[in-house]
Structures are given as structure tokens and as C-alpha cells.
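Coordinate analysis (summary)
Here is how the chains run, residue by residue.
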Amino acid sequence: MPEVPNPSIVKYSLINMETDEEEASRIVPFQLQFDKPVASQIKIAEWNPEKDLLAMVTEDSKILLHRFNWQRLWTISPGRCITSLCWRPDGKAIAVGLQDGSISLHDVENGKLLRSMKSHTTAVVCLNWEDDGGGEIADDNFYISKYEDRTSRFFPPPPRVPRVPGLVPGETGFMDESENLSQELSNSSHQRFNILCSADKDGIISFSIFGIFPIGRTDIHDLSVLCPLANKHVDCKLLNASICKVAFSKDLCHLTVLCSGELQVPGDDLHGFHCLTLDTSIFYRRRNELHQVAQQASNIEDLTEVIRASLFVMSKQWSDAMHTFHDKFDSLSNLIHVNGLDSTPQEEFLSLLGGARTSPAVHQFLENSLGEAGLKRITKLVCGAGKELQVIVLEHLQPAVEIIGFRLGELRGLSKWRSRYQGVGLDETLIDNATEKAGMLLIQVERFMRVLSASVQQFSNFFNWLHKCVKMLMSEPSDQHQLLAFNSELVILFLKYLYDQDPVKRLLEFSEVDQSIEVDVETMERVQELAHFGGFTDFDYLRRTLAKEFQQVESCFKEAFKMPFTTISKKILCQNLLPFFPVDPLPKSASSTVPTSISYYKGGAIEKQERFVDYVSFRLPDEPSSDLANCIVVTKCSMNDLQAVLLCVPDGYQCVDLSLYKECQLVLLLNGPSSVSESSEKACMMIVHADDLPFVSLPSSGASSPWKLEELKDSIVYLQMDSLKVRGIPHNVIAPLAVSASRGVACVFATRKRALVYILDEDEDEILDAE
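So, a few notes on the structure that sits alongside this text. No experiment lies behind these values; they were computed from the predicted model shown.

Conventions used here
Residues numbered from 1 in each chain as written. Predicted model: local features only at pLDDT ≥ 70, side-chain atom pairs only at ≥ 80, totals over all residues. Heavy atoms only, no water. 1 Å grid on protein atoms, 1.4 Å probe; cavity = no way out; pocket = protein on both sides within 12 Å on 5 of 7 lines; lining within 4 Å. Points joined across faces, edges and corners; volume = space filled by probe spheres on them. Helix = DSSP H or I, 4+ residues; strand = E, 2+ residues; numbered from the N terminus. Pairing = 2+ DSSP bridges. Axes fitted to C-alpha atoms, helices over the stretch in contact; angles between N-to-C directions. Buried < 20%, exposed > 50% of the residue type's maximum accessible area, 1.4 Å probe, protein only. Polar contact = N/O pair within 3.5 Å; in protein donor to acceptor, adjacent residues only side chain to side chain. Contact = heavy atoms within 4.5 Å. Arc of directions from axis to C-beta.

Here's the deal with the layout of surface pockets
- Estimates place the volume of the second largest pocket at around 840 Å³.
- Around the second largest pocket, the lining comprises 30 residues; the ones closest to its centre are Met117, Ile212, Pro214, Glu301 and Lys558.
- Mapped onto the lining of the second largest pocket, the elements with two or more residues apiece are strand S10 (113-118), strand S15 (204-209), strand S16 (213-219), helix H5 (287-338) and helix H13 (546-570).

Shown next, in the form of C-alpha cells:
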């Protein structure tokens, strides 16, 4: 710690200004509510923004959810290393960042998986989920409007993913169908517009509307940055940057990014701690349009998953039934060969149908290999599979395709409003193409139903005939009224077209090989005339299978929805970059964690618009070459006016973590001197009012040093331990410090696997007791 200068140099220090004797004798602040053991050390902790719930991540990557009274609600284990966590603004879902780059969303009620997305390729180091801070959405002319999803007016609730036999709920990326919150993720017309921001260790920042619809992506290494140096702004570039924290402003207009890395400027390389401000005002200015696009597109993507799962389930069930059928009936071919006959099973069955003498091979097959019981089992299996496929089509596949068509129609109407929606990447041509493909998919579904119904009917007719043949061969007396009727012509058609062919499987199977369906010339000419008359460009759909049609539809959807992603990504620009503090470069394999906190507070109104003040605080890394040791930086930025202050931690104390709190307050968690006795308090928690700090304006250019914090050396604020806003803690403490602004409480974790919950505000006692 630097030596305390004489009083003529120190400009400000925080001391207890209260002289009233009653105030001096008041009780210790921050009432301790609980001191509870924890099973494992906690590495991440976040309070729910709306409820008295605390989510914690253990060192072995389990997620625990506790109430304020420390009642545990649930525990889940994703099976992968958890690297970050944050709550949805309404507190109903929690986002979890994982080491492999995935982000999973979980239900607050039971912890079940709602959605899993692969947003990054490396570890997700930080998450921030923010809404627009308002209720209804206003356009640029201050006309209040709220988007209404009209789908529910015309359609029943959307179908869910069909169950797969033997599949555990959640393995498809969706939760159990008995739950409803997964649907609410997409049906977000009632939600405030919100965006989930995620950043990985390679410097990639991704944005997702409602946490599920990707809408933008940027790499801080590729940003065109203007950095204030000397008396001018120069072009510079970040290299090997590692993101520490990201946070949206309350109006989503900009994103603050704290990172460490090498800032490459003309003639010099500045390795240190930097603060970037990204211009994300496109999210605020076009939130109405983005809300509508994300609403429709995310629902379409969900329904696409329903179609994919339906095709998979149908293909599996039908293939299993056909596998059993062919296993049983292939034995007839072996018997024909053993008996020295030169014929096919179809020819033998046709001979039996025509009334000729039954060959030994057919007689042996029907009486011994198949039998009446075996025939009944196969009949039940094949016809049952056909009925199950029809149910899946009617309850899952067809409704999903129909709703997709309606939602694309909604998007198609929006895309024609070019002045509003072209700017967010809703391309009219791509949406038209996707709409046409969705219509073709619906035709393919109807075609498949006809093929499936005809196939099941012919299988059933064939089995009915075989049942009669088995009865006759076994010379069993049978009541003709008990035998199901059959059609001889359908038996012939079955033996000719279905016995060793499978049109149902052909329509369902995904194959890399182009399996075109043969269509006669006359039919193709007629289809081409009708397609041209209706204004369609695709008249080759009859040659495609249902699975192939779905692949083309999915490709069109991806192309259409990638355009908003690409358009918005190009409009996320770097607004400002400030080199804060020099830091020695670390080896690539090493990592350094710096306590940081970013918050935004209302700072009044200008021209009828709320103004937010951006507060950024962090502990300066301990650098041997620096004369600014054991200090905390607090900066605030409003209307491009950057101010900052350096807080010097008392001698012998070390800042473990910090968090900005409501009403511009900063909560510090400090470990005390290691030489204290066992009975003494080993750590403390302190609140500093940011409004009382002597902030110093930082010049945008013309400074003697490129590092902004060098300007604050002569105005350090020395924190005093005799403040009434200091609470001693009887344990050594570790990060994280979890502070709830809405509940007025803080949770502190001790080194001996203990959790201590404190009330920060005196007026919170009655509120928490009432709960």
C-alpha cells in the first residue's frame, strides 16, 4: 500500500462525519440473518431479480437453488463444467454458461432443462440478460404499440415434440411436455423485449433475443476502434484480449465490456486493462421490429424441431416394424431354395391365390415358420405402427407445418414494409422462398398420408388373406364370419409393389444419396402448368421425398433467419475504448480473475428521455511495477462525460470481491490482516456511497499518459474502517459476493464452506419478516 501523503496532498478521505453521540453508539450495521454450512465451496452466486432465491454453482459444477431462509428447492448437475450464470430479468428462467461453449436455460420452478444452444466454441466466461426497462414498446414517433401474436386466434396450442420410446425427457433439448414454460420462451408477446448477451474466452460476444433467437455476434478483435491518445484519436486494434465482464445499459443502447489484452496502436503496444463501449442502439431503436421477427422466427424454429423429431420417430417405428416383417418372411426364400424350387416368394403366393396346389415350401412356411400366432403378432405390429404414424402426422407433423405456414405468412407481410423491416434484415425474397417451401412441405405431408394409408390397407388385406390360408392348411374348422374379408386384387398389388419394396420408408428416410421419385411426363407437365398458374417457381416437388422436402425447407429457414443475424451484427460497432491500467501479459495458459461490477442508474431526464449513468468498478490488479497498489477504481459515464475515482483499501486489507448496489452504492468484501487473533474479526463488508465520492473528469485526449487512471494518482480516496457502514465477519472470505438490490441482502461465502446472509438496509427487516 502506498504511504499516506500529508494532509495538504490528500484531497478527500472517507471518514465518519457523524458527531452525534447516539449515532456513534448505534448497533453494528448489516444484521446477520443466517450462518449456514455449504456442502461444497461456491464459485458463482446470483440472486433472483424478482424473488428471494439464490442460485449457486459449486466447485464440482452443481447448481443449487435456495430461498432466503436457506431452504433448498432443487439441485441439478449439467454434467459439464459451469463457467457463468445469470437470471432472466423476470426471474422465471436461469441461463448457464458451460465450458464447451453451450448455454442452457433452466426453469426456476424445478431446474428442468428448457433449451440448450451451442452459441460459442469455447468457454462462456460471462452472461448478462437485460430487458428494455419499459412496458409497452414505443416507436420513433412515441406511438405506443404492443405486438400481438395472432396465431392463437386461428390455431390450437402448438404441437409438442412426440415422445421417443426409451428417450429420457430433456435429451431432445426440450423439457418434458407436461411443462408449459418451454413454450413461453418462444411465445414471448407478453414479455418485455430482452436480450441475453454472452461472451467467451476468445473475445466473441453473442446476442440472443429472449435468450433463444440469435440476433448478433461480434469479435472484439475485429472491431474498428478509435482510441484517444495524445491530442487525437488513432486507429488501434485489440490482440489476445480476454473478456472479464459485459453489461447492457438499462435501455440496451450500449454494452460495456471490460477486458484485458494488448492494444496495438501506431508505434506502441499497450498491454493492460481496457474498457470498451459498444453501440447497440439498434436493439433499442428497432426493438418493436426485432420483437416481432424474433417472436415468429423462434416459434418457427421450435416447430421445425417438432417436424424433425416427428420424422425421426415415424422412421424408427416403421423401420422396426418392417424389419420384423422381413425377418419373418425372408425365411420363405430359404425354404424355396432348400426345396429346390426356382421361384420367388411372390410367385408362390400368387400360385396359392390362384388356387393351385400349395408347394411344400409355402406349406412349411405357413404352418411351421409363421403359424397363426406369429401372423397375428406381425399383423398387430405392422398395422399398429401404421396407426401410430397416422396419429403422429395428425397430432404433431401436420399441425406444425400448418402453423409454420401461417407464421411465415405473418413474416411475409412484415417483410413488405421495407422502410421498417429491411433495416433489421427481414428480406422479402428469402421469406417468399421459405413460404413457398413450407407450402410444398404441407403438400408432401398430405401425399405421405395417402401413401401410408394405402400401404397399411394393403398390408392388412394381405394378412387377412394369409390368415384364411393358414386356417385352410391346418384343416381347422373356422367360421367364415369370423375371418376378415380380403380383396384378391389388392393382394396382387401388394405382392407386386409392396412385398419387397417400402414406399413409406423411402419417403421418411434421410439419405445423402438423391432418391428421386419417378413421375410420368404427363403428370409433370400438368403440375408445371398448375404451379405456373399459381405463381410458384417449384414444380419438381413430386420427385422429392418428404424427408428431402423438409431438408430444403430447413435450409430456406436458416438462410432467411441468418439475414437478420448478419444485418444486426454489422451494426454493432465500437463507440469508445479507454486504456485503463497497464497489466503485465500473462502466459496463454494462465488466467487472472479481477473482481468487477457494472451497473446503470437513472440520472435524471433529458428532453423527456431517461438518462442512465454507467458505473464501472473493479479492483486494480496487483502489479509489481505499479505505484497504485491495493486500489479500487470506480468510473461513471453520462452523456460522454467520463469521471473516475481511486479508492485505496485500508492497510492490511485485501479486496476479495465487490458489487454495485442500489442507489449508487458500492459493496466491498475485504479480507483483514493475516496476523489477527482467532477471536478477532478476520474480514469485513463495507458500503461506499458513490454519490459522495470526489470523481475527477478524465480528458478524452491530450493526456500525458495513454493510461486513463494515471490521471488519478493525486486524488486517491483513502477508505476508513471507522465508518458506520462497515460490518466485521468472523471468517476469512472468498469470492463471490452475491448482492440483491431488490431484496437488500448480501450473501458472503467463507473459506470453511460457510454461507453468511446479511441484510444491508435497516428498512428491509420488516419486509423479510413479513415474507
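Once you've had a look at it, read on.
Re the sheet that holds S10
- Sheet architecture is open: four strands sit in the order S7-S8-S9-S10, paired in antiparallel fashion. Looking at which strands have only one partner, the edges of the open sheet turn out to be strand S7 (82-87) and S10. Taken over all neighbouring pairs, the strand axes of this sheet differ in orientation by 20° on average, direction set aside.

Some thoughts on the side chain of Ser61
- Along the chain, the position of Ser61 falls in the loop between strand S4 (53-58) and strand S5 (63-67).
- What makes Ser61 buried here is its relative accessible area of 6%.
- At a separation of 2.9 Å, a polar atom in the side chain of Ser61 contacts the main-chain amide nitrogen of Ile82.
- Among residues more than four places away in sequence, those in contact with Ser61 are Lys43, Ser77, Pro78, Arg80, Cys81 and Ile82.

Notes on helix H10 (residues 488-498)
- Within the span of H10, buried status applies to Val491, Phe494, Leu495 and Leu498. Relative to the axis of H10, the buried residues are bounded by an arc of 120° and lie together on one face. More than 90 degrees from the buried face of H10, the exposed residues found are Glu489 and Lys496.
- The elements touched by buried residues of H10 are H5, helix H6 (345-353), helix H9 (428-473) and helix H11 (503-508).

Some words on the side chain of His221
- Considering the arrangement of structural elements, one finds His221 in the loop between S16 and strand S17 (225-229).
- Classification of His221 as buried rests on a relative accessible area of 15%.
- Among the polar contacts made by the side chain of His221, one reaches the main-chain carbonyl oxygen of Asp202 at a distance of 3.5 Å.
- At 2.9 Å, the side chain of His221 forms a polar contact with the side chain of Asp219.
- The residues contacting His221, other than those within four sequence positions of it, are Asp202, Gly203, Lys237, Leu238, Leu239, Asn240 and Ala241.

Some points on unusual backbone geometry
- For the bond from Ala735 to Pro736, the omega torsion is 10°, close enough to zero to count as cis.
- By the secondary structure assignment, Pro736 is in strand S32 (residues 733-740).
- Even without being glycine, Asn240 reaches a positive phi, approximately 50°.
- One can find Asn240 in strand S18 (residues 232-248).
- Take Asn240: its relative accessible area is 61%, and that puts it in the exposed class.

Taken by themselves, the reported measurements are silent on function.
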